[in-house]
Amino acid sequence: MHLISPSPNVALVSDFNELVTTKYQGTINALCWSRALVGDFKEIVSRLTLEDNVTEVSVADLLALDLSLQGDLARQIILKDLQQLTALGAAPVLNLIQCYARDDELDFIATDVYSYHVDRSPIATDTFLCTYHGAASELLPNDQVQQKILIPSVKAQLLALYEGPEAGFEQFLTEYFFDLHYQALPDAKPINVGVGHLWRLAVDHPTQEVAPCVHRAPVEKDGEYRLLLIC
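Here's a quick rundown of the structure. Owing to the predicted nature of the structure, the values given are computational and were not obtained by experimental measurement. Along each chain, residue indices are assigned from 1 in the same order as the chain's sequence is written. In view of the model being predicted, local features appear only for residues whose pLDDT reaches at least 70, and side-chain atom pairs are presented and counted only at 80 or more, with totals across whole chains, interfaces and linings using the full set of residues. To get the side-chain values, all heavy atoms of the structure are used, and hydrogens and water are removed first.

**Examining the overall build of the protein**
Quick reminder of the rule: Numbering of helices and strands starts at the N terminus; helices are DSSP runs of H or I of at least 4 residues and strands are runs of E of at least 2. We compute the radius of gyration over the C-alpha atoms and compare it with the globule rule, which gives 2.2 Å times the number of residues raised to the power 0.38. Type-normalised accessible area, obtained with a 1.4 Å probe on protein chains alone, sets the label of each residue: buried when under 20%, exposed when over 50%, and partly exposed for intermediate values.
The helix and strand tally for the protein stands at six helices and 12 strands. The globule rule puts the C-alpha radius of gyration for 231 residues at 17 Å, and the 19 Å found for the protein is close to it. For the C-alpha atoms alone, the extent of the protein along its principal axes is close to 60 × 40 × 35 Å. Within the protein, the proportion of its 231 residues that are buried is 48%.

**Here we look at the layout of surface pockets**
Rules: Cavities and pockets are defined on a 1 Å grid built over the protein atoms alone: a cavity is a set of grid points where a 1.4 Å probe fits but cannot escape, while a pocket is an open set with protein on both sides within 12 Å along at least five of seven lines, and lining residues are those with an atom within 4 Å of any such point. Grid points are joined across faces, edges and corners, and a volume is the space filled by probe spheres set on the points. Residues were grouped as follows: Ala, Val, Leu, Ile, Met, Phe, Trp, Tyr, Cys and Pro as nonpolar; Asp, Glu, Lys and Arg as charged; and all remaining residues, including Gly, as polar.
By volume, the largest pocket is sized at about 250 Å³. Lining the largest pocket, in full, are Thr-21, Thr-22, Lys-23, Tyr-24, Ala-124, Thr-125, Asp-126, Arg-200, His-205, Thr-207, Gln-208 and Glu-209. Of the residues contributing to the lining of the largest pocket, the split by class is two nonpolar, six polar and four charged.

**Points about a nonpolar patch on the surface**
For clarity, the cut-off: To count toward a patch, a residue needs a relative accessible area above 30% and no salt bridge. Like charges then connect within 9 Å, nonpolar side chains (Val, Leu, Ile, Met, Phe, Trp, Tyr) within 5 Å. Here the open area of atoms and residues is found with the Shrake-Rupley method and a 1.4 Å probe, where only the protein chains shown may cover a residue. Basic side-chain nitrogens of Lys or Arg form a salt bridge, by our definition, when they fall within 4 Å of a carboxyl oxygen of Asp or Glu.
Nonpolar side chains collect at one region of the surface, where Val-38, Leu-69 and Leu-73 lie side by side and expose about 280 Å² of accessible area between them. Of note, Leu-69 is situated in helix H4 (residues 69-87).

**Describing the side chain of Ser-121**
Put simply, the rule reads: Nitrogen and oxygen atoms within 3.5 Å of one another constitute a polar contact, given that in protein one can donate a hydrogen and the other can accept it, and given that sequence-neighbouring residues count only through two side-chain atoms. We call two residues in contact when some of their heavy atoms are within 4.5 Å.
Within the secondary structure, Ser-121 sits in the loop between strand S4 (93-97) and strand S5 (126-133). Given a relative accessible area of 12%, Ser-121 falls into the buried group. Reaching out from Ser-121, the side chain makes a polar contact with the backbone oxygen of Ile-123 at a distance of 3.1 Å. With sequence-adjacent residues up to four places away left out, Ser-121 is seen in contact with Val-203, Asp-204, His-205 and Pro-206.

**Things to note about the environment of Arg-120**
Relative to the assigned elements, Arg-120 resides in the loop between S4 and S5. Put simply, Arg-120 and Ala-202 are 82 residues apart on the chain and 9.3 Å apart in space, counted from C-alpha to C-alpha. The residues touching Arg-120, leaving out its near neighbours within four places in the chain, are Thr-174, Asp-179, Leu-180, Val-203 and Asp-204. Looking at Arg-120, its side chain comes within polar contact range of the side chain of Asp-204, at 3.1 Å.

**A few points about the sheet that holds strand S9 (residues 191-192)**
Where we set the bar: Two strands qualify as a pair provided DSSP detects at least 2 bridges between them.
With antiparallel pairing, the three strands of this open sheet are ordered in space as S9-S6-S11. Each end of this open sheet is capped by a strand with a single partner; those strands are S9 and strand S11 (214-216). Note: strand S6 (residues 138-140) against S11, three bridges, orientation antiparallel. Bridge assignment links Glu-138 to a residue of S11, and that residue is Arg-216.

**What about the nonpolar core?**
What counts here: Grouping buried Ala, Val, Leu, Ile, Met, Phe, Trp, Tyr and Cys residues that are joined through side-chain atoms within 4.5 Å yields what is termed a nonpolar core.
With 32 residues, the main nonpolar core has Leu-19, Ile-44, Leu-62, Ile-78, Leu-94, Tyr-132 and Leu-227 as its most contacted residues. If sequence neighbours within four positions are ignored, Leu-62 has contacts with Ile-44, Val-57, Arg-75, Ile-78, Leu-79, Leu-82 and Leu-94. Membership of the second largest hydrophobic core comes to 16 residues, among which are Cys-32, Tyr-100, Ile-191 and Ala-217.

Purely geometric stuff here, so don't read any function into it on its own.
Laid out in C-alpha cells, this is it:
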C-alpha cells in the first residue's frame, strides 16, 4: 500500500467527513483520506468486462459479480464510497480503464488527461478520485509547474494557429482548453496518489480561494487495467 506523506499542497485527513468539510487554505489544494483498504480489488477487475478503452461500471454491474469473500469486501468498500459521494450531491463514476484517448493533433501541446492539467467548473465543486487497482494519478504543487500557454515557443505556435482578432486570443485559449495545461519544471517532484486513498482536489471556478490542483493520469501498465472512481 502506497503511503501518502504531507507535501506543500497536500493535507491528510482521517475520515470521509473530514475530507469533505476541511477547507483548502494557503498552498493546500489537495486533501487525502489516506487509508489501507481490505479486500481483493484485482478480483473485481478480473470479473468485469471491458467494452471500450474506458468502460463505466454501474452499481448493478458490481452487484452482479460472483465474488469470493475478499472480492466482496472490496466491492462493499466501492459501494460505500459511491453511496457517500452521491449523498453529498456528487455524481461519482466507476471506470474500468485500459487507456484514455491521446491528443496528438498538435505536436507542440497536448490537451489530454496524460498532460498535467487542472479541472474547471462554472460552479463551486471539487474533483474526487480513488484508484482501487492499477497505476495511480500524479499531482504537482503549483510552484513546480508552468502554464504551457506562457512558454514562449508554445505561445508563438498558438498565435500562429489562431486566425481571429487579437482581442479574442484569450477566449480561443479557453475554448480549446489550452489554458488548463501545465509543464512540469525540471526539478518538479510528482506526488503519486497511490492505491486506495480517496482524494479531493481543488477545481478552477470563480469562487475558489486557492489555486486549482495540477494533476495527470498515469501511463497504464502493460496488460493491467485501472479501476478508478472519479467525479
